[in-house]
Structure formats: structure tokens, C-alpha cells
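# Geometric and topological summary
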Amino acid sequence: MDINFIIIIFLIGFIGSFISGMLGIGGSIINFPMLLYIPAVLGVAHFTAHEVSGITAIQVFFATIGGVWAYRKGGYLNKSLIAYMGISILIGSFIGSFGSTHMPESRINVVYGMLALIAVVMMFVPKKGIDDILLHEVKFNKWLAVLLAFIVGIGAGIVGAGGAFLLVPIMLVVFKIPTRMTIASSLAITLISSIGAISGKISTGQVEFLPSLIMVIASLIASPLGAVAGKKANTKFLQIILAILILVTAVKIWLDIIWGN
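All of the points below concern the structure found in this document. Just so it is clear, the structure is predicted and the values come from calculations on it, not from any experiment. (Residues numbered from 1 in each chain as written. Predicted model: local features only at pLDDT ≥ 70, side-chain atom pairs only at ≥ 80, totals over all residues. Heavy atoms only, no water.)

### Re the overall build of the chain
Basically, it comes down to this: By definition, any uninterrupted DSSP run of H or I lasting at least four residues is a helix, any uninterrupted run of E lasting at least two residues is a strand, and each is numbered from the N terminus. With a 1.4 Å probe rolled over the protein chains alone, any residue whose accessible area is under 20% of its type maximum counts as buried; one over 50% counts as exposed, and the rest are partly exposed. Note on contacts: a residue pair is in contact if any heavy atoms of the two residues lie within 4.5 Å. Computed with a 1.4 Å probe, the accessible areas rest on the Shrake-Rupley method; for each residue, only the protein chains presented here act as cover.
Within the chain, the regular secondary structure consists of ten helices and zero strands. Secondary structure elements of the chain, listed N to C terminal, follow the sequence α-α-α-α-α-α-α-α-α-α. Expressed as a percentage of its 261 residues, the buried residues of the chain come to 50%. By sequence separation, contacts in the chain at least 24 residues apart represent 86% of the contacts at least 6 residues apart. Here the chain displays about 12300 Å² of accessible surface, and carbon together with sulfur accounts for 72% of that area.

Printed below as a string of C-alpha cells:
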């Protein structure tokens, strides 16, 4: 454990948390491959997939805290949406995590891969006028929000992956939530859904203390900075970056399915 190790882990956490704060998607999709390969290639550390999943679970939790804190003013956090979808996805993820023991892994991955493809298609659907809606005038179907978040939670719990990249297109396309409110509320919902993941990782001893601590420090610095950048960025630009990131996520899931078979 030397200075090179600390710097590399910090930079990985910083990049993932900045993107998390800016786009409202958990940084694990960025941090997982970076933590798995970069330290090993540079010869500073070698983490197993279980250790990486534990570290990223901690990172996502604190990155979303930092992002939510940065978005606490300005009316971007839709408390009703967060409550309905957050509690529902948390329940769904717990059910999914237990139910996964009764499903073949190949079927689990294909189901999640299909959801990822749907998310990609939704991100490329035109979203005209959603950012013209005043924040205090936003309305949505509460029971549909509960149902969709529950389904996403089950999928996320079964596969052991984050569901934020599925929630974002649902909020944008199905509920017509303005982009910045979607990003801020997604961070809060991801914070709630990550409670189950972080509890499971800690209780099963999958968390490495030192790299997790470095990632936490990076997250608390970078996530609010990402949120500030997200507030200032053009909403069309944010939607394009979100679409690209979700597309990359979908491609990764399907490559895992193909290689896994």
C-alpha cells in the first residue's frame, strides 16, 4: 500500500463519482471495470470481482449522498417520486436477491439484458418539451411508478447490479420528468436502493477497508462537483451522455451473457 495505490484508487473513485453526480447514475458501471483491471495492470493491487463489488457498493452509497446533498436546493428532488420509487425498488431488490437462488443464472442474465435493451431504446425516444415543464407542476402516476420501480428492483436484486440506468429512461420517457429533476431524484432513489447492497456486502465480508475509505473520500469530493456540472450543462447534452452510458451498459451485459455461455 503506497502512494501510487492511494492516487490510483482515488482517481478511479473521483471519475466514477463525478459522473454519478452529473448524470444521476450510480458510478459502479464506471468504477467496477476500472477497479478490476487498472490497479492490476499498473501493478499496485489485484482485486477479485467480489472485492470490487464490495468497494463499489460503498462508493455508490457515498457518491449518491454527495449528489443528493448538492441537489438539495432548487426543487430538483421530487420527494413524492423518491418515496414511491425508492421504497418500491428497495423491496423489489430484496425479493430479487432472495429469489435469484431459484433461477438459472443464464435466464437471470437474459432477463436483465432485455431490460437493458429496453432502456437503450427509451433513451433514444424523442423527449420534446419535458424540460419546459415547471418543476412544481410535475405530475406522475404513483402506482405505475411503484410497479415499474418494483420490477427494476427485482431485476437489479437478481443480477446484483444497480438499477439506476433503468430508472432514468423510465422517469424521462414514461413519466416525462424534466432532465435535472430526473438526475437528482435518481440519485436519491439509488441511495435508498444501495442500502440493501451495502448491508449485504459488509455482512458477508466483501468490503476491503482501505480502498473503500479512499473511494469514500473521493466520492464526497467529486459527486457534488459532478452535480454542480450537471446543473450547468445543457439538458440535451446530459441526455446524450446518459444514452451513451446506458448503451455501453447494455452492451457490457450482453457481452457477459455471450461470454458466460
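### Some thoughts on the packing of helix 2 (residues 28-42) against helix 3 (residues 49-70)
How we decide: Here an angle of 0 to 180 degrees is reported between the N-to-C directions of two axes, which are lines fitted to C-alpha atoms, with helices fitted over the stretch in contact. Take the far helix as the reference: if the near one is turned anticlockwise from it by less than a right angle, the crossing is left-handed, and if turned clockwise, right-handed. Polarity classes work like this: nonpolar for Ala, Val, Leu, Ile, Met, Phe, Trp, Tyr, Cys and Pro, charged for Asp, Glu, Lys and Arg, and polar for all others, with Gly in that last group.
The geometry of helix 2 relative to helix 3 is characterised by a closest axis approach of 9 Å and an angle of 145 degrees between their N-to-C directions. Here helix 2 runs over helix 3; the crossing is right-handed. Touching Ser 28, Asn 31, Phe 32, Leu 35 and Leu 36 of helix 2 are Ala 49, Val 52, Ser 53, Ile 55, Thr 56, Gln 59 and Val 60, all from helix 3. Considered class by class, the residues forming the contact of helix 2 with helix 3 number seven nonpolar, five polar and no charged.

### Side note on helix 1 (residues 3-23)
Just so we agree on the cut-off: By definition here, a helix of n residues has an expected span of 1.5 Å times n minus one. Counting of polar contacts relies on pairs of N or O atoms within 3.5 Å, with two restrictions inside protein: one atom must be capable of donating a hydrogen and the other of accepting it, and residues adjacent in sequence are counted only when both atoms are side-chain atoms.
Its 21 residues place the ends of helix 1 30 Å apart at the C-alpha level, agreeing with the 30 Å of an ideal helix rising 1.5 Å per residue. For helix 1, the N-terminal capping position is held by Asp 2, with its side-chain oxygen 3.3 Å away from the main-chain nitrogen of Asn 4. Where helix 1 terminates, the next one or two residues include Gly 24, which has phi positive at roughly 75 degrees.

### Some words on a nonpolar patch on the surface
Operational definition: Only residues whose relative accessible area exceeds 30% and that form no salt bridge enter a patch; like-charged residues are grouped when within 9 Å of one another, and nonpolar side chains (Val, Leu, Ile, Met, Phe, Trp, Tyr) when within 5 Å. Whenever a carboxyl oxygen of Asp or Glu lies within 4 Å of a side-chain nitrogen of Lys or Arg, that contact is scored as a salt bridge.
On the surface, a cluster of nonpolar side chains totalling about 650 Å² of accessible area is made up of Phe 124, Leu 247, Val 251, Leu 255, Ile 258 and Trp 259. With respect to the helices, strands and loops of the structure, Ile 258 is situated in helix 10 (residues 235-260). Take Ile 258: its relative accessible area is 56%, and that puts it in the exposed class.

### Describing the nonpolar core
Note the following rule: Put simply, buried Ala, Val, Leu, Ile, Met, Phe, Trp, Tyr and Cys residues joined by side-chain atoms within 4.5 Å make one nonpolar core.
Grouped together as the largest cluster of nonpolar side chains are 64 residues, with contacts concentrated most on Ile 25, Leu 35, Phe 47, Tyr 71, Met 85 and Leu 167. Looking at this core element by element, the count peaks at nine residues for helix 7 (residues 164-174). Counting residues in each nonpolar core, the second largest holds five residues, with Ile 58, Phe 61, Ile 198 and Val 216 among its members.

### Some words on unusual backbone geometry
Within the chain, Lys 176 stands out as a residue other than glycine whose phi angle is a positive 55 degrees. Among the secondary structure elements, Lys 176 is positioned in the loop between helix 7 and helix 8 (179-203).

### Points about the environment of Leu 117
Along the polypeptide, Leu 117 turns up in helix 5 (residues 105-123). Residue class for Leu 117 comes out partly exposed when judged on its relative accessible area of 38%.

### A short note on the packing of aromatic side chains
Note the threshold: Classification of ring pairs rests on two measures: the distance between centres of Phe, Tyr or Trp rings, Trp counted by its six-membered ring, which must be within 6.5 Å, and the angle between planes, read as stacked under 30 degrees, edge-to-face over 60 and tilted in between. In this scheme, Lys NZ or Arg CZ marks a charge over a ring once it lies within 6 Å of the ring centre and within 35 degrees of the ring normal.
Under the defined criterion, the tally for this structure stands at five aromatic pairs. Seen in terms of ring centroids, Phe 140 and Phe 175 are 6.2 Å apart; in terms of plane orientation they differ by 70 degrees. Their pairing is edge-to-face. Of the two residues, Phe 140 is situated in the loop between helix 5 and helix 6 (142-159) and Phe 175 in the loop between helix 7 and helix 8; the sequence distance between them amounts to 35 residues. Look at Phe 140 and you get buried, because its relative accessible area is 14%. One Lys or Arg, Arg 72, reaches over the ring of Trp 69 and ends 3.9 Å from the middle of that ring. Between the NZ or CZ atom of Lys 142 and the centre of the ring of Phe 140, over which it lies, the distance is 5.4 Å.

### Description of the environment of Gly 96
Following the sequence through the fold, Gly 96 ends up in helix 4 (residues 79-99). It is 7.0 Å that separates the C-alpha atoms of Gly 96 and Gly 153, two residues lying 57 residues apart in sequence.

### Focus on the side chain of Thr 64
With respect to the helices, strands and loops of the structure, Thr 64 is situated in helix 3. The class for Thr 64 is buried, based on a relative accessible area of 0%. Here Thr 64 is in contact with Leu 187, Thr 190 and Leu 191, once residues within four sequence places are set aside.

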